[in-house]
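Chain residues, written in single-letter form:
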Amino acid sequence: MKTTAPESDPLFPEQYELHAAPAYRFAAMPGRLDRRAFIKKLGGGLVVLSFAGRVWAQGESGAPAAPAGQRRGGAGARGGRGGSQPQNLDAWVHIGADGTVTFFTGKTEVGQNIRTSLTQAVAEELAAPLASIRMMMADTDLTPFDQGTFGSLTTPQMAPVLRRAAATAREALLDLAATQLAVDRTTLTAADGKIMHAASSRSLGFGELTRGQQLVRTIAADTPLKPASAWKIAGTSVPKVDGRDFVTGRHRYASDIVRPDMVFGRVLRPAAYSATLASLDASAAEAMPGVKVVHDGEFVGVTAPTSFAATQALAALRAEWKTTPQISERELFTQLRGGAPAPEAGLTTAGDGSLTLQQTYTVAYIAHAPLEPRAAVAEWLDGKLTVWTGTQRPFGVRDELVQAFGLTPDRVRVIVPDTGSGYGGKHTGQAAIEAAKLAQAAGKPVKFVWTREDEFTWAYFRPAGVIDVASGVRADGTLTAWGFDNYNSGNAGIAGPYVIPGKREQFHQTHSPLPQGSYRSLAAAANHFARETHIDELARALKLDPLEFRRKNCADERLHAVVDAAATAFGWGAAKPAGHGHGVAVGIDKGGYVATFAEVAVDPASGRVTVLRAVQGFDCGAVVNPEHLKNQNEGAMVQGLGAALFEAIHFENGRIRNPHFASYRVPRFGDTPKVEVILMDRKDLPSAGAGETGIVGIAPAVGNAICDATGVRLRALPLVPNGLKG
Amino acid sequence: MPAVTELNVNGTRRTLNADSDRPLLSVLRDDLDLTGTKFGCGEGQCGACTVLVDGVPIRSCLTPVGAIGPQKITTIEGLEKDGRLHPLQEAFLEAGAMQCAYCTSGMIMSGSALLAKNPHPTDEEIIGFMDGNICRCGTYPRILAAIKRAATAIQGGAK
Ligand code: FES
Ligand code: FES
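Residues numbered from 1 in each chain as written. Chains lettered and ligands numbered in written order. Predicted model: local features only at pLDDT ≥ 70, side-chain atom pairs only at ≥ 80, totals over all residues. Heavy atoms only, no water.

Observations regarding the overall build of chain A
Inference 1: A tally of regular secondary structure across chain A gives 18 helices and 32 strands.
Inference 2: Sequence-distant contacts in chain A: of pairs separated by 6 or more residues, those separated by 24 or more amount to 77%.
Inference 3: Total accessible area on chain A is roughly 25,100 Å²; 54% of this is exposed by carbon and sulfur atoms. (Helix = DSSP H or I, 4+ residues; strand = E, 2+ residues; numbered from the N terminus. Contact = heavy atoms within 4.5 Å. Areas by Shrake-Rupley, 256 points an atom, 1.4 Å probe, with all protein chains shown as cover.)

Pasting the structure below:
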């Protein structure tokens with residue numbers, strides 16, 4: 001068992017995730033895109049390029065090998081983050097002769113609305129209208145290398161590079177205008193896509209300034225950026241820039257891409273994890289019109305003229321599998337602890353009124369279940385493979401394809417249309433590889449959309465975990481001891497906000513029986529659940545107000561401010577009807593400060609738990625788009641409610657027992673409480689990312705509220721899959 | 001296998017040649033290139049594939065195309081009239097009722113059917129009617145707000 005130290009930098013990718021790095025050799029340099037060819041392709045206008053520092057070479061992380069659960073299938077690691085620290089944060093911009101501005105970034109849009117927030121950020125620096133700006137994202141032939149979209153890093157890391165590119169362009173345009181108008185540069189202003197000379201009422205459009213020639217500049221690291229206090233476009237609630245394409249159904253996700261002569265694929269899945277193919281009779285399928293069966297080692301798939309025919313052909317395959325016995329759900333937590341017995345739980349009170357508490361918390365495996373299943377359209381043309389797919393790691397998927405087919409990177413292009421969400425679940429390229437394999441065999445473009453059952457079984461899960469907490473507290477509510485051992489869920493958010501002398505937090509990597517990987521906020525959700533539940537237990541044992549207890553032991557001013565604002569909005573301490581309970585949870589993760597309050601009602605007869613409302617205070621520095629930030633926080637709470645109340649993957653002997661929405665319950669309209677988000681817009685502080693941290697507080701807040709209502713302490717996620725019984 | 005050779009979609013007669021037991025969803029998407037209607041589960045559980053058949057919302061992933069006959073199909077592509085969005089499409093934009101927006105087509109189709117039947121739905125009625133539609137990004141509160149906003153807009157327009 002390998003033990004790692006807790007993370008110190010909130011933006012550092014979780015140690016755990018590094019273990020999932022593919023065994024592959026990854027391209028460390030920016031896309032194999034030839035910069036000169038790229039520039040030439042752009043034609044006339046102004047080009048601004050960045051030369052981001054190559055901070056950290058691949059393979060220096062010293063990450064141990066992936067656990068077996070992540071190696072299964074051999075199609076690349078599950079949830080792999082492709083290496084170590086940010087290597088290349090390149091961004092390019094081109095201003096065409098017609099005034100169209102195109103920014104190029106390898107980041108992906110998966111519903112976090114970064115296409116909009118990045119557009120706002122660059123419009124602000126460039127002083128160009130929003131409508132003139134196009135964001136070219138996530139195309140390995142057209143955009144600079146990017147390690148992937150995760151860890152809430154786009155806003156703190158990518159946005160500043162893009163802003164700097166925009167600011168460099170603005171400065172270059174001012175230079176050009178000064179020369180062309182023969183005026184002093186300081187008399188010019190940039191606004192609304194033009195450089196203006198107020199004294200002579202003359203102005204020149206950005207596009208005109210280059211006069212058809214191509215000018216190339218590089219980003220100057222010291223280009224001044226506008227302070228958030230001076231923002232006019234950034235910092236406002238600009239609607240989703242391409243929203244109309246979505247409400248009209250015009251936007252094409254990867255699963256909507258159509259290629260000439262395209263056929264449809266399906267892949268035969270093994271009977272269980274680690275099962276191997278014993279025999280295959282494909283004759284009935286092969287006899288079906290237009291059907292092709294593709295069999296290469298353990299890979300078996302079909303292509304057919306329609307998706308329905310592909311499904312029928314798949315059903316006609318007769319396969320036998322050799323399976324091996326595997327552990328089941330009931331043995332899970334013992335296995336994660338490596339067979340060691342659980343420490344004895346209990347509360348002890350000393351003569352001076354001080355307490356010690358030992359408790360264990362568990363978290364089930366859950367599925368991302370993105371509404372758009374993994375999907376890919378693959379096309380081979382003149383020896384070059386192009387794949388449209390939904391992923392958070394376009395370059396990582398390209399490299400998986402390079403490996404899988406023995407190609408050079410310039411022979412593979414991965415294009416990621418704005419994707420039907422990911423939540424950390426779309427880091428790998430399995431669907432892309434499968435579609436490419438089918439397309440190669442069929443000699444035609446192939447569309448392959450995973451079924452819901454594929455998605456629930458052959459993707460990867462949020463890690464299950466066992467967390468032991470041992471603590472000590474004085475009668476006055478001062479925390480004096482803290483030991484926190486997390487088995488399997490991971491390191492993110494393991495270090496809490498409380499000041500406790502000699503506190504110790506440890507993540508123990510163990511063998512996971514199911515494939516596991518990144519999930520929104522990584523292990524921060526599990527670690528916050530255990531910590532914030534335990535803190536609540538201590539407060540109750542001491543008969544102290546849970547919020548006061550937290551305030552007393554936490555010194556961070558930003559957290560205090562968030563807690564106070566949200567507590568007021570929630571009405572903490574106000575009277576409530578019988579059967580209702582109030583709960584709170586707080587935390588700091590990935591540069592965000594969060595305080596979540598929940599009110600639940602428990603029906604004593606049925607044991608039904610209803611979450612009535614949730615109020616969340618959130619601080620992630622200067623806010624780029626308040627409405628979208630609220631939307632992310634609301635959505636994070638609603639999604640987090642599923643894991644809190646009822647979501648759990650059930651498994652037995654290598655098989656998933658509930659691989660359908662009918663048996664894996666996700667939050668629906670009827671489960672949704674009233675939600676309110678209070679934003680602390682800290683214009684004096686850099687913007688942190690915000691897509692993940694909003695999820696960490698809801699489960700402990702709800703669990704604590706249930707205890708407040710009923711006195712029943714729940715220590716396992718999901719809390720009440722069948723209501724509160726007994 | 002009998003074939004379906006004609007469908008009435010978004011006010012237009014479309015000719016095609018599809019096995020009658022294929023799901024309507026696949027025929028709309030793959031034969032007629034109407035990809036605004038989404039595949040989310042194929043099991044009738046998520047509502048991403050919702051279209052209207054004679055105004056009634058149905059799960060097109062579970063409906064064989066042979067069962068449609070001459071009935072009128074409306075998909076998300078058919079809601080916009082003469083460049084003007086349906087009030088619920090407008091309301092989704094105004095309420096920012098989407099993140100990844102993969103659920104949006106199905107939500108708008110279900111919601112527009114509700115509003116056509118019940119122009120002033122209560123919160124409970126909206127929740128009850130929409131409970132078969134999943135938004136994994138959790139934008140339910142905003143979708144609820146958008147439906148109410150559209151109800152108000154339609155009411156105003158009708159005056
Ligand atoms: S795709 Fe039809 S209900 Fe999910
Ligand atoms: S917005 Fe992503 S599923 Fe609804």
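More follows now that the structure is in view.
Notes on the interface of chain A and chain B
Inference 1: Residue-level contacts link 58 residues of chain A with 51 residues of chain B.
Inference 2: Taking both sides of the interface into account, the surface hidden between chain A and chain B amounts to around 4,300 Å²; carbon and sulfur atoms contribute 55%.
Inference 3: Taken together, chain A and chain B are joined by eight salt bridges.
Inference 4: Here arginine 142 of chain B makes a salt bridge to glutamate 634 of chain A, at a shortest N to O gap of 2.7 Å.
Inference 5: Summed over the shared surface of chain A and chain B, the result is 33 residue pairs in polar contact (both at pLDDT 80 or more).
Inference 6: Sorting the residues of the side of chain A that touches chain B by element identifies α7 (243-247), α9 (307-315), β21 (446-449), α13 (452-458) and α17 (626-645) of chain A as the ones contributing at least two each.
Inference 7: Counting residues per element, the side of chain A that touches chain B draws most heavily on α17 of chain A, at eight residues. (Buried area = accessible area lost by both parts, 1.4 Å probe. Salt bridge = Lys/Arg side-chain N within 4 Å of Asp/Glu carboxyl O. Polar contact = N/O pair within 3.5 Å; in protein donor to acceptor, adjacent residues only side chain to side chain.)

Here we look at the layout of surface pockets
Inference 1: For the largest pocket, the calculated volume is near 830 Å³.
Inference 2: Phe669, Asp671, Thr672, Pro673 and Lys674 of chain A are the residues nearest the centre of the largest pocket, which is lined by 35 residues in total.
Inference 3: Breaking the lining of the largest pocket down by element, the ones donating at least two residues are β28 (609-619), α17 and β31 (674-679) of chain A together with α2 (87-95), α4 (123-130) and α5 (140-158) of chain B.
Inference 4: Top element by residues in the lining of the largest pocket is α5 of chain B. It accounts for seven residues.
Inference 5: Taken together, the residues that form the lining of the largest pocket break down as 16 nonpolar, seven polar and 12 charged. (1 Å grid on protein atoms, 1.4 Å probe; cavity = no way out; pocket = protein on both sides within 12 Å on 5 of 7 lines; lining within 4 Å. Points joined across faces, edges and corners; volume = space filled by probe spheres on them. Nonpolar A, V, L, I, M, F, W, Y, C, P; charged D, E, K, R; others polar.)

Here's the deal with empty space enclosed by the protein
Residues and elements named next belong to chain A.
Inference 1: The final tally for this structure, using the stated rule, is seven cavities of 30 Å³ or more.
Inference 2: What the largest cavity holds in volume is close to 600 Å³.
Inference 3: Lining the largest cavity are 41 residues, and of these Gln112, Ile114, Gln632, Ala690 and Gly691 sit closest to its centre.
Inference 4: At the level of secondary structure, the elements contributing two or more residues to the lining of the largest cavity comprise α4 (114-126), α5 (154-181) and α17.
Inference 5: Counting residues per element, the lining of the largest cavity draws most heavily on α17, which supplies three residues.
Inference 6: Partitioning the lining of the largest cavity into residue classes produces 15 nonpolar, 23 polar and three charged.

What to know about unusual backbone geometry
Residues and elements named next belong to chain A.
Inference 1: Proline 718 follows leucine 717 through a cis peptide bond whose omega is 0°.
Inference 2: Even without being a glycine, alanine 138 presents a positive backbone phi close to 55°.
Inference 3: Exposure remark for alanine 138: the relative accessible area of 0% places this residue in the buried category. (Buried < 20%, exposed > 50% of the residue type's maximum accessible area, 1.4 Å probe, protein only.)

Overview of the packing of aromatic side chains
Inference 1: With the rule as written, the count across this model stands at 15 aromatic pairs over all chains.
Inference 2: Relative to phenylalanine 405 of chain A, the ring of tryptophan 380 of chain A has its centre 5.3 Å away and its plane inclined at 75°; by these criteria the two rings are edge-to-face. Here tryptophan 380 of chain A is found in strand β18 (residues 375-381), whereas its partner phenylalanine 405 of chain A is found in helix α11 (residues 394-405), with 25 residues between them in sequence.
Inference 3: Using a relative accessible area of 22% as the deciding quantity, one classes tryptophan 380 of chain A as partly exposed.
Inference 4: Owing to a relative accessible area of 16%, phenylalanine 405 of chain A belongs among the buried residues under this scheme.
Inference 5: In this structure an aromatic cluster arises from ring pairing among Phe246 and Tyr253 of chain A together with Tyr102 of chain B. (Phe/Tyr/Trp six-rings, centres within 6.5 Å; stacked < 30°, edge-to-face > 60°.)

Some remarks on the environment of aspartate 681 of chain A
Residue and element names in this part refer to chain A.
Inference 1: Structurally, aspartate 681 can be placed in the loop between β31 and α18 (698-710).
Inference 2: Of the residues examined, aspartate 681 reaches a relative accessible area of 32% and is grouped as partly exposed.
Inference 3: Each C-alpha atom of the pair aspartate 681 and glycine 697 lies 20 Å from the other, and the pair is 16 residues apart in sequence.
Inference 4: Engagement of the side chain of aspartate 681 in a polar contact is seen with the backbone nitrogen of valine 623, the distance being 2.8 Å.

Details of the pattern of salt bridges
Oppositely charged side chains may form a pair once their charged atoms are brought near each other.
Residue and element names in this part refer to chain A.
Inference 1: Counted by the stated rule, this structure contains 53 salt bridges over all chains.
Inference 2: The salt bridge partner of aspartate 141 is lysine 384, with a shortest N-O separation of 2.6 Å. Here aspartate 141 is found in the loop between β5 (133-137) and α5, whereas its partner lysine 384 is found in strand β19 (residues 384-389), with 243 residues between them in sequence.
Inference 3: Aspartate 476 is the partner of arginine 474 in a salt bridge, and the nearest nitrogen-oxygen pair spans 3.9 Å.

A closer look at the domain arrangement of chain A
All names here are of chain A.
Inference 1: As assigned here, chain A comprises domain 1 (38-239), domain 2 (253-324 + 368-458) and domain 3 (465-511 + 520-717).
Inference 2: The straight-line distance from the C-alpha centre of domain 1 to that of domain 3 is 35 Å.
Inference 3: Each side of the interface is counted separately: domain 1 has 25 residues, and domain 3 has 20 residues.
Inference 4: Between domain 1 and domain 3 lies a buried interface of about 1,600 Å² when both sides are counted; carbon and sulfur atoms form 54% of it.
Inference 5: The tally of links between domain 1 and domain 3 comes to eight residue pairs in polar contact (both at pLDDT 80 or more).
Inference 6: Where the side of domain 1 that touches domain 3 is concerned, the elements lending two or more residues are α4 and α5. (Domains from an automatic or database assignment.)

A few points about the domain arrangement of chain B
All names here are of chain B.
Inference 1: Taken domain by domain, chain B consists of domain 1 (3-77) and domain 2 (87-154).
Inference 2: Of note, the centres of domain 1 and domain 2, computed from C-alpha atoms alone, are 21 Å apart.
Inference 3: Counting from both sides, the interface comprises 16 residues of domain 1 and, opposite them, 13 residues of domain 2.
Inference 4: Both sides together, the interface formed by domain 1 and domain 2 hides about 1,100 Å², and carbon and sulfur atoms give 60% of it.
Inference 5: Taken as a group, Lys38, Cys46 and Ile76 account for 39% of the area that domain 1 buries against domain 2, more than any other trio of residues on that side.

Digging into the sheet that holds strand β8 (residues 202-205) of chain A
Strands belonging to one sheet form pairs held by backbone hydrogen bonds; the direction of such a pair is parallel or antiparallel.
Residues and elements named next belong to chain A.
Inference 1: Taken together, the three strands give an open sheet; going across it, the order is β6-β7-β8, and neighbouring strands pair in antiparallel fashion. Where the open sheet ends on each side, the last strands, each with one partner, are β6 (188-191) and β8. In this sheet, adjacent strand axes meet at a mean angle of 25° when their direction is disregarded. (Pairing = 2+ DSSP bridges. Axes fitted to C-alpha atoms, helices over the stretch in contact; angles between N-to-C directions.)

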